[in-house]
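Chain by chain, the residues:
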Amino acid sequence: MPTQLGFHADMEKCIGCKACEAACKDFYRMPPEIRWRKVRSFEMGEWPKALRVHLSLACNHCEDPACMKGCPVQAYSKREDGLVIHDPTACIGCQYCTWTCPYGVPQFDPNEGVVSKCNGCYQLVDQGELPRCVQACPTTALTFGDRAEHERTKREAVTVAPGFPDPTITHPATRFAWPKKGPKPEVKVPITPPAEEH
Amino acid sequence: MTKHLDRRAFLKLSAIATAGAATGLAGGSVALGAPFDPNRNHVEPDEWVYSTCGFCGTGCGIEIGVKGGEAVAIRGTKDYPVNTGFLCAKGILQWQAIMAPDRGTTPLLRKNGQLVKASWDEALDAMTGKLKEIITKHGPNAVATYNTGQLLLEEFYTLGKIQRAGIGTDHCDSNTRLCMASAVYGHNRTFGADVPTGAYADVEETDVILLVGSNMAECHPILMGRLTRAREQKGTKLIVVDPRITQPARMADIHLAIKPGTDVTLLNAMAQVLIQDGLIDQAYIDASCSNWPELKAKLTRYTPEFAAQVCGVPAEEIVAAARLYGKAPRSLSMWVMGINQSVNGVTANHALHNLNLIQGKLGKPGSASFSVTGQPNAMGNRSAGGSSNYPGMRPIDNEQGRREIAALWGVPYEKLPAKSTPIEKIIDKIIAGDIKALWVLCTNPLLSLPDQNRVKQALAKLELLVVQDAYYTVDTNEYAHVYLPAAMWAEKQGVMINSERRVNLVQPSIKPPGEAKSDFEILRLVAQKMGYGHLVAFQTPAACFEEFKQTTKGRPNEMTGITYERLVEHRGLQWPVSEAQPNGTQRAFTDGTFFTKDKKAKLWAVEQLDLPELPDAAYPFMLNTGRVQEHYHTGTKTRKIKEMNLLVPTVYVEINPKDAAELGIAYGDMVVIESKRGAMKAKAVITQIGAPKSVFVPMHFHEGPVNALTVWAFDPISGEPNYKQQAVRIRKA
């Protein structure tokens, strides 16, 4: 199986501190509204057994990236290691990809007139380092590596997560571990969105 | 900046050009001249300056990235033992708070009701002239000072000298009263000195952690990171006592969601389980603790069933928690404001110390009774005599201590005040007309003290209010007569001390904006104008630190072995640092002897005090207050950070869905919250993490000040406000 790099987000260990998001923003200095990585919060269950869980998401570096398919100017490319790269200098700002990506990953920046997204810190990866967000995670909830390796070594590495659109469309490389106390991933549970907007 | 705009303009232009081309070429590939660089906006600093983080009491090591005389980045110090390079989100982005546009650049004086620009001489003359006039007319006790846990140790020491040996007033306090006072009294009364027992390394060493009244995920995220990693690597157990399902509570092996204000009963019952099960160390108790018979007798009625009834959690869970804690070879308690900010603050601190002392584990690696601090240098204030004690942790009411300090300072013993006054008494004395002048340094009492309407009444009554702060927009400035623009921590030199007694250096990375001066300089100028120049003969923070060090010789917080250089070399040193222990002391009380007269730790037989206010028919909700991780205190710094404001832009109130349904409140609705003292508006967040008939409001927002609602009630021993429990009613706005 070819390498497919991607993120693994452990919802048990994520405390919603958003250091991942801050580290990304601080290095790439995108406008504050452009969030290449975004920590979403959800609730499951009822008091006193309720759970608030956090899901740190960026580009899922899909195996079958819809953004790339839809781009009229080939601003997207997929590397051999599976990372999906967007070239803003090729982008014409048509925003087609913001519609085709089920995960809302590409974001349009009206100031620059183009779209941008997480590139998996591929330059760091090429130097054998981890993406900025992963390096910044104080709980090690967020990790990075080969999708197959995640499936082999993690406590849990499933393709479904609360509020995460159907993974069968684009085959995202992101894998998840669910909170230990919560419902199992295969059980459909009502989710209360989102504490994130408060 | 020009480069940035050029690039943006270029991208915009090229986007338009490309769009045209794309239409013409019908989707053909377009080659552009500009090379693609994902790092195009990245700002690489010219240099990194070693320092300490300016937010919470975790005390992370940071490096401040400087470029062209501006702070442009912050990163964690990789080899700093506290955080090993990690930082929380606001820690990473705090350079924006330093560079904020509302930094004070000149002093301001109130003229005809308006604050107008003034020179330093004008402002300081106005301040010191009025102070002298008030002292002459009404005596030194008509003057009060109120400072912070966020100045540097040298500044606390200098201020301490000015207010005590200079002005000679009994009315000095700091906002550590709102934060650590209950822990301080707990330490003093149990151990005989204000010495935190543990070290952060205990988080990794221990087998079970009892987290009480601490939302570590929001308030100390980097410690929570250490805890989470320890749990994964070692299977460390976690017991959480909190009325809300916080992140630590979600993860916990046992979560005891007790009724607010019942911690002491729970902890007493846990201690009683340990006694019943023989999980205590009688030899240690006999050798190292006093008052055991009284405690033992008092605890007999604390059966799990009794506590279950009071605390509202099952008796079996209390027993399970106590056994998990007591049977572990090493066990660690950590707590913060859920314990301290209560009428039961000191009693709960005692109950926690009792629980750890009777097991005989305290002082061993992985076993500590550990109160974590909220501010980066609360410990510096406590060590240097910035508010309620004399330097070297000499209690203010101790004659021998005052005589030692009088000798060290070369001032008459009679001059030194023998008492200090909690801020709430200062506020009441202002309202009563006894205090005419208040000098506020680096804190925002208008927003942070309870019962805001009462505080407003007091501030409006002052003949002189001096506000010394980094931001001229600080809310308290609304009432100021004189505003003095202060440098921020990143612009000055001195030391900070974190929760685990780790002393570390803060270094100037950039120049303060405009005419702003370091608090150290401002204090020296004020002293000179007041005629106390002889007290501040030291010219530099380093010289001041050398003088301060002498006051710690032979004291519990000895720092004679510290120099600024050694702090950088060792990545901070944990006091005491003496000739005998030049590399500091990781854990206190390892030999079972304490600073009390009989060298024993006192087991205080405590019981829960009644809450000042309980929900009733008119005010049926219990209001809890606290922090969110995106913001800090009154938001003067974090609300200057764009990303933090996007994440949590304004005040909200957490309401349980059951109550929301009954009141017809939907997610995002504006609601009015009222208490007997005031009202505020907030956006409704409907959540299952709080119990029905309870609401939670964060404390950071001037547009929705939760302290308009909070009760004017205090721990009877520590004077710490009871922020966590009051009765309110809510309705849709």
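Residues numbered from 1 in each chain as written. Chains lettered and ligands numbered in written order. Predicted model: local features only at pLDDT ≥ 70, side-chain atom pairs only at ≥ 80, totals over all residues. Heavy atoms only, no water.

### Quick word on the overall build of chain A
Okay, so step 1: Helix and strand counts for chain A stand at 6 helices and 10 strands.
Okay, so step 2: In terms of C-alpha radius of gyration, chain A reaches 16 Å, essentially the compact-globule figure of 16 Å for 198 residues.
Okay, so step 3: Along the three orthogonal principal directions, the C-alpha set of chain A runs to about 50 × 40 × 30 Å.
Okay, so step 4: A total of 198 residues make up chain A; the buried ones form 65% of that total.
Okay, so step 5: Considering only residue pairs separated by 6 or more positions, chain A has 60% of its internal contacts joining residues 24 or more positions apart.
Okay, so step 6: Carbon and sulfur atoms make up 54% of the accessible area of chain A, which amounts to about 7,700 Å² in all.
Okay, so step 7: Distance between charge centroids for chain A: 5 Å, based on 24 positive and 24 negative side chains. (Helix = DSSP H or I, 4+ residues; strand = E, 2+ residues; numbered from the N terminus. Rg over C-alpha atoms; globule rule 2.2 N^0.38 Å. Buried < 20%, exposed > 50% of the residue type's maximum accessible area, 1.4 Å probe, protein only. Contact = heavy atoms within 4.5 Å. Areas by Shrake-Rupley, 256 points an atom, 1.4 Å probe, with all protein chains shown as cover. Lys, Arg positive; Asp, Glu negative; His and termini not counted. Charge placed at Lys NZ, Arg CZ, Asp CG, Glu CD.)

### Details of the pattern of salt bridges
Okay, so step 1: Enumeration according to the criterion identifies 52 salt bridges over all chains in this entry.
Okay, so step 2: Between D253(B) and R231(B) there is a salt bridge, and its shortest N-O distance comes to 2.8 Å. Highlighted residues: D253(B) in the loop between α10 (247-251) and β10 (254-256) and R231(B) in helix α9 (residues 221-234), separated in sequence by 22 residues.
Okay, so step 3: One salt bridge connects D428(B) with R454(B), and the closest N-O pair in it is separated by 3.0 Å. Of the two residues, D428(B) sits in helix α20 (residues 423-431) while R454(B) sits in helix α22 (residues 452-461), which places them 26 residues apart along the sequence.
Okay, so step 4: Taken together, the shared-partner salt bridges connect E43(A), R52(A), R244(B) and E654(B) into one network. (Salt bridge = Lys/Arg side-chain N within 4 Å of Asp/Glu carboxyl O.)

### Remarks on the pairing of strand β19 (residues 494-497) of chain B
Residue and element names in this part refer to chain B.
Okay, so step 1: Side-chain alternation along β19 places G494 and M496 on one buried face and V495 and I497 on a second face that is also buried.
Okay, so step 2: Bridge count for β19 against strand β20 (residues 502-506) is 4 bridges, and the pairing is antiparallel. By the bridge assignment for β20, I497 is matched with V503.
Okay, so step 3: In textbook terms, the turn of a hairpin is the stretch between consecutive antiparallel strands, and for β19 and β20 this stretch comprises 4 residues, one of which, R501, has a positive phi near 65°. (Pairing = 2+ DSSP bridges.)

### Some thoughts on the packing of helix α11 (residues 263-276) of chain B against helix α14 (residues 304-311) of chain B
Residue and element names in this part refer to chain B.
Okay, so step 1: Remark: α11 packs on α14, axes separated minimally by 9 Å, with the N-to-C direction vectors making an angle of 165°. Considering the angle they form, α11 stands roughly antiparallel to α14. In this structure, α11 meets α14 at a crossing whose hand is left-handed. Facing α11, whose interface residues are T265, L266, A269 and V273, α14 presents P304, F306, A307, V310 and C311. (Axes fitted to C-alpha atoms, helices over the stretch in contact; angles between N-to-C directions. Parallel < 35°, antiparallel > 145°, perpendicular 65-115°, else oblique. Left-handed = near helix turned anticlockwise from the far one by under 90°.)

### Some remarks on the sheet that holds strand β16 (residues 437-441) of chain B
All names here are of chain B.
Okay, so step 1: Here 7 strands make up an open sheet; going across it, the order is β5-β4-β18-β17-β16-β6-β7 and the pairing mixed. Taken across any chain shown, the strands that pair with only one partner, and hence form the sheet edges, are β5 (114-117) and β7 (172-174). Neighbour-to-neighbour, the strand axes of the sheet open up by a mean angle of 20°, direction not taken into account.
Okay, so step 2: As paired strands, strand β4 (residues 108-111) and strand β18 (residues 482-485) are joined by 2 bridges and run antiparallel to one another. Pairing of L109 across the sheet is with V482, part of β18.
Okay, so step 3: Across the sheet, helix α4 (residues 120-138) touches β4, β6 (143-147), β16, β17 (464-469) and β18, and the angle it forms with β18 is around 130°.
Okay, so step 4: Along the sheet, helix α5 (residues 153-167) contacts β6, β7 and β16; its crossing angle with β6, the most-contacted strand, is approximately 170°.

### Regarding the packing of α20(B) against α22(B)
Residues and elements named next belong to chain B.
Okay, so step 1: Put simply, α20 and α22 touch, their axes get as near as 8 Å, and they point 55° apart. It follows from the interaxial angle that α20 and α22 lie oblique. Crossing hand, α20 versus α22: left-handed. Together, I427, D428, I430 and I431 of α20 and R454, V455, Q457, A458 and K461 of α22 make up the contact between the two elements.
Okay, so step 2: Across the contact of α20 with α22, the residue classes break down as 5 nonpolar, 1 polar and 3 charged. (Nonpolar A, V, L, I, M, F, W, Y, C, P; charged D, E, K, R; others polar.)

### Focus: the interface of chain B and chain A
Okay, so step 1: Each partner contributes to the interface: chain B provides 70 residues, whereas chain A provides 65 residues.
Okay, so step 2: Between chain B and chain A lies a buried interface of about 5,500 Å² when both sides are counted; carbon and sulfur atoms form 57% of it.
Okay, so step 3: The tally of links from chain B across to chain A stands at 5 salt bridges.
Okay, so step 4: Across the pair R250(B) and E12(A) runs a salt bridge, and its minimum N-O distance is 3.8 Å.
Okay, so step 5: Summed over the shared surface of chain B and chain A, the number is 22 residue pairs in polar contact (both at pLDDT 80 or more).
Okay, so step 6: Split by residue class, the side of chain B that touches chain A holds 40 nonpolar, 14 polar and 16 charged. (Buried area = accessible area lost by both parts, 1.4 Å probe. Polar contact = N/O pair within 3.5 Å; in protein donor to acceptor, adjacent residues only side chain to side chain.)

### A look at the sheet that holds strand β8 (residues 208-212) of chain B
Residue and element names in this part refer to chain B.
Okay, so step 1: In space, the 5 strands of this open sheet follow the order β10-β9-β8-β12-β13, with parallel pairing throughout. Of all the strands in the sheet, just β10 and β13 (368-371) have a single pairing partner and so form its edges. Taking each pair of neighbouring strands and ignoring which way they run, the sheet shows an average axis angle of 15°.
Okay, so step 2: Pairing between strand β9 (residues 237-241) and β10: 3 bridges, direction parallel.

### Describing the pairing of strand β12 (residues 331-335) of chain B
All names here are of chain B.
Okay, so step 1: Burial of β12 is extensive: 5 of the 5 residues sit out of reach of the surface.
Okay, so step 2: Covered by surrounding structure in β12 are S331, S333 and W335 together with L332 and M334, the residues of both alternating faces.
Okay, so step 3: Where β8 and β12 come together, 5 bridges link them in parallel fashion. The residue of β12 that forms the bridge with V212 is W335.
Okay, so step 4: Of the strand pairs in this sheet, β12 and β13 are connected by 4 bridges, and their pairing is parallel. Across the sheet, residue W335 finds its bridge partner in β13, namely S371.

### Examining the confidence of the model for chain B
Residues and elements named next belong to chain B.
Okay, so step 1: Predicted confidence across chain B gives a mean pLDDT of 94, with 95% of residues reaching 70 or more.
Okay, so step 2: Scored below 50 in pLDDT, residues 1-34 makes 32 contacts in the model with residues more than four places away or belonging to other chains.
Okay, so step 3: On the interface metric, ipTM, the complex scores 0.96, and its pTM is 0.95. (pLDDT = per-residue confidence, 0-100.)

### With respect to the nonpolar core
Okay, so step 1: Membership of the largest hydrophobic core comes to 211 residues, with the highest contact counts inside it found for L210(B) and I673(B).
Okay, so step 2: At 9 residues, α11(B) tops the list of elements feeding residues into this core.
Okay, so step 3: Discounting chain neighbours no more than four positions away, the residues touching I673(B) are V653(B), G678(B), A679(B), M680(B), A682(B), V697(B), L709(B), V728(B), R729(B) and I730(B).
Okay, so step 4: Listed in part, the 42 residues of the second largest apolar core include A9(A), L51(A), L57(A) and V125(A). (Core = buried A, V, L, I, M, F, W, Y, C linked by side-chain atoms within 4.5 Å.)

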